[in-house]
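An overview of the molecular structure
Below, each chain spelled out in residue letters.
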Amino acid sequence: LWGQRVPEELRDKAGSAKLSHDGDDAFRQGELAMAITKYKEAFSQDPTAELALKLGELYYQQDELAEAKHWWERHLEDAPSSKAKAYIKQVMPQ
């Protein structure tokens, strides 16, 4: 999924925003698996750098380093000047 590309005209930004909000709520409630599910659903509708960053961090927190690395690489590909770049480079598995 992290490699998925969706043409701009086919993106569902409103649907993705709703799912992302649901993911944020799940994260705040400590439901990490549900947050990942919601963020991935959101990403499939509108693959944004922000969602890739969130997914990378959640996988990192769960010690799923290979998956975290893929999501963070996608984030940096889509947002090369990201404020999170230094953090990602510091903690990203090689």
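Here is a short report on the structure shown in this document.

Some details on the overall build of the protein chain
- Looking only at helices and strands, the protein chain has 5 helices and 0 strands in total.
- Walking the protein chain from its N terminus toward its C terminus, one meets helices and strands in the order α-α-α-α-α.
- A compact globule built from 94 residues should have a C-alpha radius of gyration of about 12 Å, and the protein chain, at 13 Å, falls within 12% of that.
- Projected onto its principal axes, the C-alpha positions of the protein chain cover 35 × 30 × 20 Å.
- Relative to all contacts within the protein chain whose residues are 6 or more apart in sequence, the contacts with residues 24 or more apart total 50%.
- Accessible surface, the protein chain: about 5,400 Å² in total, of which carbon and sulfur atoms supply 53%.
- Put simply, the protein chain has 13 plus and 17 minus side-chain charges, and the middle of one group is 4 Å from the middle of the other.

What to know about the environment of tyrosine 59
- By the element assignment, tyrosine 59 lies in helix 3 (residues 49-61).
- A residue is classified by how much of its surface remains accessible, and tyrosine 59, at 7% relative accessible area, is buried.

What about the packing of aromatic side chains?
- Within this structure, the stated rule accounts for 3 aromatic pairs.
- On the numbers, 5.9 Å between centres and 80 degrees between planes, the contact of tryptophan 72 with tyrosine 87 is edge-to-face. Of the two residues, tryptophan 72 is situated in helix 4 (residues 65-78) and tyrosine 87 in helix 5 (residues 85-91); the sequence distance between them amounts to 15 residues.
- With a relative accessible area of 0%, tryptophan 72 lands in the buried category.
- One aromatic cluster is present, built from ring pairs that chain together Tyr60, Trp72 and Tyr87.

Some words on helix 1 (residues 13-28)
- Counted at 1.5 Å a residue, the expected span for helix 1 with its 16 residues is 22 Å, and the 22 Å between its end C-alpha atoms agrees.
- The set of residues buried in helix 1 consists of Gly15, Ser16, Leu19, Ser20, Gly23, Asp24 and Ala26.
- Contacts made by the buried residues of helix 1 are with helix 2 (32-45) and helix 3.
- One or two steps after helix 1, the chain reaches glycine 30, where phi turns positive at roughly 80 degrees.

Cut-offs applied
Residues numbered from 1 in each chain as written. Predicted model: local features only at pLDDT ≥ 70, side-chain atom pairs only at ≥ 80, totals over all residues. Heavy atoms only, no water. Helix = DSSP H or I, 4+ residues; strand = E, 2+ residues; numbered from the N terminus. Rg over C-alpha atoms; globule rule 2.2 N^0.38 Å. Contact = heavy atoms within 4.5 Å. Areas by Shrake-Rupley, 256 points an atom, 1.4 Å probe, with all protein chains shown as cover. Lys, Arg positive; Asp, Glu negative; His and termini not counted. Charge placed at Lys NZ, Arg CZ, Asp CG, Glu CD. Buried < 20%, exposed > 50% of the residue type's maximum accessible area, 1.4 Å probe, protein only. Phe/Tyr/Trp six-rings, centres within 6.5 Å; stacked < 30°, edge-to-face > 60°. Expected span 1.5 Å × (residues − 1).

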